[in-house]
2 protein chains.
Amino acid sequence: MHENSEADAGNKPRRMDSLIRAIADVESRMLSAGPPVGRRTLLKGGALWAGAAAAGAMLAPKSLRAAGYPVQDDPMKEQGRAIGLDGGYGSRSQFETVARYPFPTPNPFASFSLSPLAESRGIIMPSGLHFERHHAGIPNIDPASHELLIHGMVDRPMKFTVEELKRLPGIARILFIECSGNSFSEWKGPLFKTVQTTHGLTSTSEWAGVPLSTLLGQVGVKPGAKWILAEGRDAAGMTRSIPLWKAWDDIIVAYGQNGEALRPEQGYPLRLVIPGWEGNCQIKWLRRLKIGDAPFMTREETSKYTDLLADGHARQFSFVMEAKSVITFPSGEMELPGRGFYELTGLAWSGKGTVRRVEVSTNGGMTWHLAQLDQPVLPLAHTRFRYPWRWDGSEAILQSRCTDETGYTQPTRQALIAARGAHGRFGSLYHFNGIQSWRVRTDGRVENVAA
Amino acid sequence: MHENSEADAGNKPRRMDSLIRAIADVESRMLSAGPPVGRRTLLKGGALWAGAAAAGAMLAPKSLRAAGYPVQDDPMKEQGRAIGLDGGYGSRSQFETVARYPFPTPNPFASFSLSPLAESRGIIMPSGLHFERHHAGIPNIDPASHELLIHGMVDRPMKFTVEELKRLPGIARILFIECSGNSFSEWKGPLFKTVQTTHGLTSTSEWAGVPLSTLLGQVGVKPGAKWILAEGRDAAGMTRSIPLWKAWDDIIVAYGQNGEALRPEQGYPLRLVIPGWEGNCQIKWLRRLKIGDAPFMTREETSKYTDLLADGHARQFSFVMEAKSVITFPSGEMELPGRGFYELTGLAWSGKGTVRRVEVSTNGGMTWHLAQLDQPVLPLAHTRFRYPWRWDGSEAILQSRCTDETGYTQPTRQALIAARGAHGRFGSLYHFNGIQSWRVRTDGRVENVAA
């Protein structure tokens, strides 16, 4: 029993008056010792506090800082780690090893990594685990060197620094991003084993930035303009054409992710966020937007990122990621320890808006049941669904299907292949949104199957 | 112009069929080389992928792994960092230095750190920047050694491992937590200078776990039970009494934060999350819940965490954090570079539910204007507000006030002090939710004032 512990007697309230005044003095000295407070501080005020954090850490015993933080057998009998020893930026427990899975492509500069969906429990993916797709590696950009140029069919071509963008009216939205190649292997069959490898090319973050419409208002778009070329500042010079109407609607020029700056893998210091559309058009390390009257027919939208159909035609500019869902627990390579109660849970989303309902089947689609959705359901974001299930020990095929606000329902794999074709060099790669099937074997093992 | 770049020719779609099969083989080998897939894997499947990530990293040239990642003057002319060199868990840019501010209390084991609100742009605070409050340091707990005991007035005392809790029906909610001591210095006056030091003891995260009501259903609560003692597994044995009705309503036994496990500073591997209530009762490193028929009168709710009023009585069990808001931009110690347009922005919240409206004044409260709220407004979470302002160069006092769904409006500092008193040893410390005032001087400097 520790109900009357005096462990933090060193910080007694009765001393608070004088303490507050002493601390105010410390704060003043730290602030006055910092860099001059000017425009740079206005927009990057955090640097002050990095200094302050260092000052705070100096109050801790030197021996403790050097000694590391051993696991405590009985943490109630010895004090834990003192505050401020992490440089003011925390890290996860040494016991946590969940990781992105870097796909072993032959070229590690043109590759991707997948988010650990099996471990997710809500809808937010931590920035350190957000999926990646790079065409020529991850640039390391000094934000002070970075500008966004907007030109082409505009009245006033303009360049914006990152600091200038941060001063404009902002917006923050919780949104999913999905690579159009997510689940690409499922066109062929259940070759990959886990939900991380079959579905991990999607993640949800809170994205913060400036509505692109605001910037278009500043440069003045000329009559007849219909498309935007977006170009990234990477060695691939990644470029896509985007319809102008979408920019007037909801595109964000983002500088923030999950409460801090974009991560380097996500386009630091600037990227496009295009709600509901395929990831490859949401250009990272964004440096240039050119306004034109027609699509620019870049490599990425001619030789790549098109969808060849069975009749030989190709879908082009297939931007929208259609309704999709997947059960993340249980999922491939897990093993149920025995019969009894399990909560099936997973993620659902739609590039066309809000998830209206998710249904779950435990018998390969013969019967379907409504799943519960975590509230509130956010438009164009992952939605967490849950379904209570009692496993009787017999073989089961677990499936989920999503219906979005337009009434569209995620198709079966067979129906999707019948409509789009599974053949060809390119047609088989993108926009797989068929129903995913996990088989629970009688021994409890869970495996990917094409049911 | 890079519209026809061939930078990732190494990953051509035409080779994808054979590539997919080759990769499926790699995945199979990695999975079979891992630990046996059993109960442990079921609930900690991420370990598999940590191994996979290491395997992926080995595909990158050794020289690159060793060399570090220099800043690129022209990132369009050289490839960036290869994928998978971060161990599958990304980190922020070297140019980002925003940090928590560890408060320089005399005892660094009984201390707190404040979130960098001035840098926040949405509502989510990254786990590494979430505010901290520790009474005896941060324990380093092996989750395999950790159990939650529920006993007292119950039919079946039970212990739960973390893995057992994860198997139960879950919940995830985006919620603010605020230390009851947030803004404590403002009872005295504008002694602290920045919004991080005046208001940084609150942060919003997505919390995931099990409804405490589910656990109470399992143990069976005896008639007459009305209170819960919650005890943490830290050297302070931090303990608080919590009314049982709140547990039936919405308390969460949380194991997850922002899409991954709780951070050590936030109670890894288990904590209480009590929506809308003061942080100190949301016990971290949670080890024990004892059900009783009366409050347990722990040190934390008798000598501390009470609010002495002017008439000598004290408010006790003052759990709810009432409606509050603060302008984060501009805020103390910033400097406006000149007259012209600024978007005032900040955070508002209420422990009683949803923020109904936020009003902004730029003249010290003489006139008020409705601010715009980022949608959707989530109950019991931070709400981002924005207000467009044209600064004419004259002195201005910037204020915000929050009204919640109950109709309660955040009071002025003077009204709050008149109602609660600013005197005494304890009465002046907790539950300050008065309107915050920032003065913009004619030279553009922004400072904390008691307007």
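Residues numbered from 1 in each chain as written. Chains lettered and ligands numbered in written order. Predicted model: local features only at pLDDT ≥ 70, side-chain atom pairs only at ≥ 80, totals over all residues. Heavy atoms only, no water.

## Digging into the overall build of chain A
Next, step 1: Secondary structure summary: chain A contains 10 helices and 24 strands in total.
Next, step 2: The buried share of chain A, taken over its 451 residues, is 64%.
Next, step 3: Taking the contacts inside chain A whose residues are at least 6 apart along the sequence as the reference set, 71% of them involve residues at least 24 apart.
Next, step 4: Entry remark: accessible area of chain A is about 15000 Å², with carbon and sulfur atoms responsible for 53%. (Helix = DSSP H or I, 4+ residues; strand = E, 2+ residues; numbered from the N terminus. Buried < 20%, exposed > 50% of the residue type's maximum accessible area, 1.4 Å probe, protein only. Contact = heavy atoms within 4.5 Å. Areas by Shrake-Rupley, 256 points an atom, 1.4 Å probe, with all protein chains shown as cover.)

## Examining the sheet that holds strand 16 (residues 324–329) of chain B
All names here are of chain B.
Next, step 1: On the basis of which strands lie adjacent, the open sheet formed by 4 strands has the order 16-17-21-20 and antiparallel pairing. The open sheet has two edge strands, strand 16 and strand 20 (372–373), and neither has a second partner.
Next, step 2: The pairing of strand 17 (residues 340–349) with strand 21 (residues 383–391) spans 9 bridges and is antiparallel. What sits directly across from Gly340, in strand 21, is Trp391. (Pairing = 2+ DSSP bridges.)

## Observations concerning the environment of Trp389(B)
Residues and elements named next belong to chain B.
Next, step 1: In this structure, Trp389 sits in strand 21.
Next, step 2: Judged by its relative accessible area of 9%, Trp389 is buried.
Next, step 3: Considering only alpha carbons, one finds Trp389 and Gly267, 122 residues apart in sequence, at a separation of 41 Å.
Next, step 4: Dropping the residues within four chain positions of it, Trp389 is found in contact with Leu336, Gly340, Phe341, Tyr342, Leu344, Thr362, Ala396, Leu398 and Val440.

## A short note on the sheet that holds strand 5 (residues 158–161) of chain A
Residue and element names in this part refer to chain A.
Next, step 1: An order of 5-4-13-8-9 is seen for the 5 strands of this open sheet, with the pairing classed as mixed. Two strands bound the open sheet, and with one partner strand each, they are strand 5 and strand 9 (239–243). Here the average twist between neighbouring strands, direction ignored, is 20°.
Next, step 2: Sheet topology places strand 8 (residues 227–232) next to strand 9; 5 bridges connect them, and they run antiparallel. The residue bridging Ala230 from the neighbouring strand is Arg240, located in strand 9. (Axes fitted to C-alpha atoms, helices over the stretch in contact; angles between N-to-C directions.)

## Topic: unusual backbone geometry
All names here are of chain A.
Next, step 1: Across the junction of Tyr268 and Pro269, the peptide omega takes the value 5°, indicating a cis bond.
Next, step 2: Inspection of the secondary structure assignment puts Pro269 in the loop between strand 11 (260–261) and strand 12 (271–273).
Next, step 3: Cis peptide bonds are those with omega within 30 degrees of zero, and the linkage from Gln375 to Pro376 qualifies with -10°.
Next, step 4: Following the sequence through the fold, Pro376 ends up in the loop between strand 20 (372–373) and strand 21 (383–391).
Next, step 5: Even without glycine at this site, Ser183 takes up a positive phi of about 70°.
Next, step 6: You can call Ser183 buried: its relative accessible area is 2%.

## With respect to helix 10 (residues 413–420) of chain A
Residues and elements named next belong to chain A.
Next, step 1: The set of residues buried in helix 10 consists of Arg413, Leu416 and Arg420. For helix 10, the angular spread of the buried residues around the axis is 65°, confining them to a single face. Exposed residues pointing more than 90 degrees away from the buried face of helix 10 are listed as Ala418 and Ala419.
Next, step 2: Looking at the buried positions of helix 10, the neighbouring elements they touch are strand 14 (307–308) and strand 15 (314–315).
Next, step 3: Count one or two residues on from helix 10 and you reach Gly421, which has phi positive near 85°. (Arc of directions from axis to C-beta.)

## Observations concerning the pattern of salt bridges
Charged atoms that come close allow side chains of opposite charge to pair.
Residue and element names in this part refer to chain A.
Next, step 1: Counted by the stated rule, this structure contains 50 salt bridges over all chains.
Next, step 2: Taking the shortest distance from any N to any O, the salt bridge between Lys159 and Glu147 comes out at 3.6 Å. Taken as a pair, Lys159 in strand 5 and Glu147 in strand 4 (residues 147–152) lie far apart in primary sequence, 12 residues in all.
Next, step 3: When its relative accessible area of 52% is taken as the criterion, Lys159 is described as exposed.
Next, step 4: For Glu147, a relative accessible area of 36% corresponds to the partly exposed category. (Salt bridge = Lys/Arg side-chain N within 4 Å of Asp/Glu carboxyl O.)

## Some thoughts on the side chain of Glu96(A)
Next, step 1: Within the secondary structure, Glu96(A) is located in the loop between helix 4 (62–67) and strand 1 (101–102).
Next, step 2: Within the structure, Glu96(A) has its side chain in polar contact with the side chain of Tyr268(B) (distance 2.7 Å).
Next, step 3: Glu96(A) has contacts with Ala261(B) and Tyr268(B), leaving out every residue within four places of it along the chain. (Polar contact = N/O pair within 3.5 Å; in protein donor to acceptor, adjacent residues only side chain to side chain.)

## Some thoughts on the packing of aromatic side chains
Next, step 1: As enumerated under the stated definition, the model contains 28 aromatic pairs over all chains in all.
Next, step 2: Here Phe103(A) and Phe112(A) contribute two aromatic rings whose centre-to-centre distance is 4.4 Å and whose plane-to-plane angle is 20°, an arrangement assigned as stacked. An identical accessibility class is assigned to Phe103(A) and Phe112(A); each is buried.
Next, step 3: In this structure an aromatic cluster arises from ring pairing among Tyr101(A), Phe103(A), Phe112(A), Phe184(A) and Phe192(A).
Next, step 4: Of note, Arg92(A) hangs over the ring of Tyr89(B), and the distance from its end group to the ring centre comes to 3.9 Å. (Phe/Tyr/Trp six-rings, centres within 6.5 Å; stacked < 30°, edge-to-face > 60°. Lys NZ or Arg CZ within 6 Å of the ring centre and 35° of its normal.)

## Description of the environment of Gly444(B)
All names here are of chain B.
Next, step 1: By the secondary structure assignment, Gly444 is in the loop between strand 23 (437–440) and strand 24 (446–449).
Next, step 2: Distance from Gly444 to Ala418, taken between C-alpha atoms, is 32 Å for residues 26 residues apart in sequence.
Next, step 3: In this structure Gly444 touches Met334, Glu335, Leu336 and Trp391, once residues within four positions along its chain are discounted.

## Points about the pairing of strand 9 of chain A
Residue and element names in this part refer to chain A.
Next, step 1: Counting buried positions over the 5 residues of strand 9 gives 5, a clear majority of the element.
Next, step 2: Side chains of strand 9 alternate between two faces, with Thr239, Ser241 and Pro243 and Arg240 and Ile242 buried alike.
Next, step 3: The antiparallel pairing of strand 8 with strand 9 creates a hairpin that spans 6 residues between the two strands, and Gly237 there sits at a positive phi of about 50°.

## As for the confidence of the model for chain A
Residues and elements named next belong to chain A.
Next, step 1: Residues of chain A with pLDDT of at least 70 account for 84%, and the chain-wide mean is 87.
Next, step 2: In the model, residues 1–14 has pLDDT below 50 throughout and makes 44 contacts with residues more than four positions away in sequence or in other chains.
Next, step 3: Predicted complex, confidence summary: ipTM 0.89, pTM 0.89. (pLDDT = per-residue confidence, 0-100.)

## Quick word on the pairing of strand 5 (residues 158–161) of chain B
Next, step 1: Relative to strand 5 of chain B, strand 4 (residues 147–152) of chain B is paired through 4 bridges, and the arrangement is antiparallel. Across the sheet, residue Leu149(B) finds its bridge partner in strand 5 of chain B, namely Lys159(B).

## Quick look at the state of the cysteines
Next, step 1: Here the structure, examined in full by the defined rule, presents 0 disulfides over all chains.
Next, step 2: You can see Cys281(A) has no disulfide; the closest cysteine sulfur is in Cys179(A), sitting 11 Å from it.
Next, step 3: Here Cys402(B) stays unpaired: no disulfide links it, and the sulfur of Cys179(B), its closest cysteine neighbor, is 19 Å away. (Disulfide = S-S within 2.5 Å.)

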